[in-house]
Amino acid sequence: MTPDAIRTARPTLLPNVLAVTAVVALLTPVIAPADDFETPTAVAVRDILPQAFLRSDHYAIEPEARAQDNFYVFRVHSDFGDYDITSLAMLRTRLHEIATLAEVTPRLDDTVVRLDRSPAGRRGVGSEHVVDILTDPVGTAAQLLGNLQYNVEQTLAGPGPADSADAGQGALDLNPGPHKRSAAAQLGVDVYSSNPRLQGLLDALAEARSAGQTASSISPLVRNVYAPPRFGSGVLDMRLDSTLKNTGAEALLAQIDHRLAALDIARRTRVAFLTHPAYTPRSRLYLTSYLELLGPLAGSGQILAAASTAVTEADAAAYVAYARMLAFYRLAGHDLAEVVTEARFPTLVDSARRGVLALPLDYLAWTPSVAQAVSALDDIRAAHDLSGFVLLVAGQASARVAAELAARGITAHAHYSY
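Overview of the structure. Computed from a prediction, not measured in an experiment: that's the story for all the values here.

What counts and what doesn't
Residues numbered from 1 in each chain as written. Predicted model: local features only at pLDDT ≥ 70, side-chain atom pairs only at ≥ 80, totals over all residues. Heavy atoms only, no water. Helix = DSSP H or I, 4+ residues; strand = E, 2+ residues; numbered from the N terminus. Buried < 20%, exposed > 50% of the residue type's maximum accessible area, 1.4 Å probe, protein only. Areas by Shrake-Rupley, 256 points an atom, 1.4 Å probe, with all protein chains shown as cover. Phe/Tyr/Trp six-rings, centres within 6.5 Å; stacked < 30°, edge-to-face > 60°. Pairing = 2+ DSSP bridges. Axes fitted to C-alpha atoms, helices over the stretch in contact; angles between N-to-C directions. Contact = heavy atoms within 4.5 Å. Expected span 1.5 Å × (residues − 1). Polar contact = N/O pair within 3.5 Å; in protein donor to acceptor, adjacent residues only side chain to side chain. Salt bridge = Lys/Arg side-chain N within 4 Å of Asp/Glu carboxyl O.

### Section: the overall build of the chain
On a plain count of helices and strands, the chain comes out with 17 helices and 12 strands. The buried share of the chain, taken over its 418 residues, is 52%. Surface accessibility of the chain: about 17,700 Å² in total, with carbon and sulfur atoms responsible for 53%.

### Considerations on the packing of aromatic side chains
Under the counting rule described, the total for this entry stands at 11 aromatic pairs. Taken together, a centroid distance of 5.3 Å and an interplanar angle of 50° make the contact between Phe231 and Tyr290 tilted. Here Phe231 is found in the loop between helix 9 (196-210) and helix 10 (235-246), whereas its partner Tyr290 is found in helix 13 (residues 281-293), with 59 residues between them in sequence. An identical accessibility class is assigned to Phe231 and Tyr290; each is buried. On the numbers, 4.7 Å between centres and 55° between planes, the contact of Tyr319 with Phe345 is tilted. Within this pair, whereas Tyr319 is found in helix 15 (residues 313-331), its partner Phe345 is found in the loop between strand 6 (336-339) and strand 7 (348-350), the two being separated by 26 residues in sequence. Residue classification places Tyr319 among the buried residues on the basis of a relative accessible area of 2%.

### Some details on the sheet that holds strand 12 (residues 410-413)
The 5 strands lie next to each other as 6-7-8-10-12, forming an open sheet whose pairing is mixed. For this open sheet the edge positions go to strand 6 and strand 12, each flanked by a neighbour on one side alone. The sheet shows a mean angle of 25° between the axes of neighbouring strands, direction not considered. For strand 6 and strand 7, the ladder comprises 3 bridges, and the chain directions are antiparallel. Residue pairing for strand 7: Leu336 is matched across the bridge by Asp350. On top of the sheet, helix 15 reaches strand 6, strand 7, strand 8 (354-359) and strand 10 (388-393); it is set at about 140° to strand 8, its chief contact.

### Regarding unusual backbone geometry
The phi torsion at Asp69 lies on the positive side, around 55°, for a residue other than glycine. Here Asp69 lies in the loop between strand 3 (64-68) and strand 4 (71-78). What makes Asp69 partly exposed here is its relative accessible area of 23%. A positive phi angle is found at Asp385, which is not glycine, with a value near 50°.

### A closer look at helix 15
Helix length check: helix 15 (19 residues) gives 27 Å between terminal C-alpha atoms against 27 Å at 1.5 Å per residue, within 8%. Burial runs high along helix 15: 15 of the 19 residues are buried. A side-chain oxygen of the first residue of helix 15 lies 3.3 Å from the backbone nitrogen of Ala314; this N-cap is Thr312. Backbone geometry just downstream of helix 15 places Gly333 in the positive-phi region, at approximately 105°.

### A few points about the pattern of salt bridges
This model, assessed by the stated rule, comprises 15 salt bridges. A salt bridge links Asp173 to Lys180, with the nearest nitrogen and oxygen atoms 3.3 Å apart. With respect to burial, Asp173 and Lys180 carry one shared label: buried. The shortest N-O distance in the salt bridge between Arg270 and Asp257 comes to 2.7 Å. In this pair, Arg270 is assigned in helix 12 (residues 267-274) and Asp257 in helix 11 (residues 249-262), connecting sequence segments 13 residues apart. Residue classification places Arg270 among the buried residues on the basis of a relative accessible area of 12%.

### A few points about the pairing of strand 10
Of all the 6 residues making up strand 10, 6 are buried; the element is thus mostly covered by neighbouring parts of the structure. Where burial is concerned, the two faces of strand 10 agree: the one with Gly388, Val390 and Leu392 and the one with Phe389, Leu391 and Val393 are both buried. The pairing of strand 8 with strand 10 spans 6 bridges and is parallel. Its bridge partner being in strand 10, Leu357 is matched across the sheet by Leu391. With 4 bridges connecting them, strand 10 and strand 12 associate as parallel partners.

This is the structure we're talking about:
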């Protein structure tokens, strides 16, 4: 997919995210000269990535990343194709997938399991099974699977060699079997990944395991150096990874639906989320688990409704990060009381009557949209009689943004929970 296609496929998050956080339709205009704003266009990757990310025998990251809609877009050249990757979160995922492919592929016995076979047909949980689980007319199997396939094409950007490579490609597997789930768990990758090369590798490993040929199919040396820090003590991550390994997709979907219902989230909202093509069972499980950690929360369904506005896999990853950041805020000892805005990333109020806005963005620069949105936070504070405001940012805010926030009495935390 070309960069232009990516721009067309995914929404501009921050202009839509922050601008809609106001509780009024019209925002107070911010009057400032044009040259008073920051205009980020590109940034050196060495300034934003850990050193361990920069060098590999199997991939190269172009020295500059595009700064676009408060996310970075990275161009990666690898042994398995070229990729345009939106957001630091998706970069972590793709780099580990590339490292896994490079480590494990040579160890497969090609005389038994061939990686150059034609991609398998679509398999797994069709929407008629979703209807059985939820008893809701959410669409036909062809429609749902078609949407999922379209989403894969929109979210996995791999123009050039990645489009024409003829080895190790597999279709998105909506209902992977135990052997495939076990192989993915051992490698630390998402068995529901939209990366066709990883799917091809996992198919081959599952075939080898099914045939009893496992000695050379998995390397004990694969370690995910690209993973974000574990959440809290790490117990939650281990428990969720175990669930993904040991639970089939259909049972997992039913389990997630039951847990969301226990949070008093409306059935219509649950169905929209559970059948949304941007999410995989893994991202649904993680987001749901973070929501549960928020405790009793009035209006929690608004968070799930907002998450269902995602368009691409990168958007879905951002909503998982958003929920994680709020859960981390609760873990740090701040009880949350209610959701007070219907926005792309809703604002919450904690028990101390502070507004809490989590932004799972790579960077925050002082642009006209951000300036308007910061003014809108004053409207939210006045409308709900808040004692203060806390802004949580997954990435880094510029010095100018930090100064503007401080001048307005807004407490900002960068790299929050990451």
